[in-house]
Amino acid sequence: KNNFPVGWREVIRRAENGEKHISDVMTEHGLVIEFQHSHLHPDERVSRESFHPNMVWVVDGTRLKRTWDKFSQGQQSWRSTHWQGYFITHFPEESFPIEWLASSVPVLFDFSGLPETVEDQSSKKKTLWLLLPGRSEGRAVILAVSRQSFIDVARRQSQIIDTKRILQEMADLLALQRSLEYKKFNLQRLNFRRGKRFARRRYPKF
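Our subject in this report is the structure included herewith. (Residues numbered from 1 in each chain as written. Predicted model: local features only at pLDDT ≥ 70, side-chain atom pairs only at ≥ 80, totals over all residues. Heavy atoms only, no water.)

### Focus: the pairing of strand E4 (residues 55-60)
Consideration 1: With five of its six residues buried, E4 lies for the most part within the structure.
Consideration 2: Running through helix H1 (residues 42-51), the crossover from strand E3 (residues 32-36) to the neighbouring parallel element E4 is right-handed.
Consideration 3: As judged from the four bridges shared by E4 and strand E7 (residues 107-110), these two strands associate in the parallel manner. By the bridge assignment, Asp60 is partnered in E7 with Asp110. (Buried < 20%, exposed > 50% of the residue type's maximum accessible area, 1.4 Å probe, protein only. Helix = DSSP H or I, 4+ residues; strand = E, 2+ residues; numbered from the N terminus. Right-handed = clockwise from strand over helix to strand, strands pointing away. Pairing = 2+ DSSP bridges.)

### Quick notes on the sheet that holds strand E5 (residues 79-80)
Consideration 1: Pairing is mixed in the open sheet, where nine strands are placed in the order E1-E2-E3-E4-E7-E8-E9-E6-E5. Edge strands, defined here as strands with exactly one partner in the open sheet, are strand E1 (9-14) and E5.
Consideration 2: The strands touched by helix H4 (residues 147-156) within the sheet are E3, E4, E7, strand E8 (127-131) and strand E9 (140-146), with E9 carrying the most contacts at an inclination of about 95 degrees. (Contact = heavy atoms within 4.5 Å. Axes fitted to C-alpha atoms, helices over the stretch in contact; angles between N-to-C directions.)

### Section: the nonpolar core
Consideration 1: In this structure, Ile33, Leu130, Val141, Phe150, Ile160 and Ile161 are the most contacted members of the largest nonpolar core, which totals 27 residues.
Consideration 2: Listed by contribution, the elements that provide at least two residues to this core are E4, strand E6 (86-89), E8, E9, H4 and helix H5 (163-202).
Consideration 3: Per element, the largest residue contribution to this core is five residues, and it comes from H5.
Consideration 4: The residues touching Leu130, leaving out its near neighbours within four places in the chain, are Pro106, Val107, Leu108, Val141, Ile142, Leu143, Val145, Ile160 and Ile161.
Consideration 5: Judged by nonpolar contacts, the second largest core, of 21 residues, contains Trp57, Trp68, Phe71 and Val107. (Core = buried A, V, L, I, M, F, W, Y, C linked by side-chain atoms within 4.5 Å.)

### A few points about the packing of aromatic side chains
Two aromatic rings, taken as a pair, are described by how far apart their centres are and by the angle between their planes.
Consideration 1: Evaluated as defined, the whole model comprises 14 aromatic pairs.
Consideration 2: On the basis of an interplanar angle of 55 degrees and a centroid distance of 6.4 Å, the ring pair of Phe87 and Trp129 is categorised as tilted. Taken together, the residues Phe87 in strand E6 and Trp129 in strand E8 connect sequence positions 42 residues apart.
Consideration 3: An aromatic cluster is present here, built from Trp68, Phe71, Trp78, Phe87, Phe96, Phe109, Phe111 and Trp129 joined pairwise through their rings. (Phe/Tyr/Trp six-rings, centres within 6.5 Å; stacked < 30°, edge-to-face > 60°.)

### Points about the pattern of salt bridges
Consideration 1: One pass over the full model with this rule turns up seven salt bridges.
Consideration 2: The partner of Glu49 in a salt bridge is Arg45, with the nearest N and O atoms 3.1 Å apart. Placement of the pair is Glu49 and Arg45 together in helix H1, with a separation of four residues, close to one helical turn.
Consideration 3: Residue Glu49 is classed as buried on the basis of its relative accessible area of 6%. (Salt bridge = Lys/Arg side-chain N within 4 Å of Asp/Glu carboxyl O.)

Below, the structure is given as structure tokens:
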């Protein structure tokens, strides 16, 4: 929170029913940033996301040591994309805490506070890993974000990322790749059949 002006911190607003909501950070552009270290009940998460539709979570990934172990192992199932820093996976539950997978807003996981006794992977620890809400062609979309980039964007924009646009463009890209792979497969099958017919003509059996 110290990376943002004092006037943006601990902003108090009330819902129509009188319920008080205190935002960790609310920028002058209306972006709400919630920093979460302790366990959060799903009902409370849903309540905050409903009240702050334009928000992001920054989750402390160091609260439980197994979170880092799970994340490191789960990354093996990620696929890189044509967009630098973007990854996709069919199995986000293998990388991230299950309680955050249903979030309706972007969630960034921060592993920078891991002790030195944990296996050193400095670049991963210093990176914020952004999990987009929703799925693209059945795949979760993940973005590697530098801490400074996140702070800079949050200070000057009303959104960290245009989720709907990214998911749609990623879906279009995946659909195109699938179409090209299908055409390639059919071409290979056609060439194989032609080769067999040629072989039968060229080298008849006796």
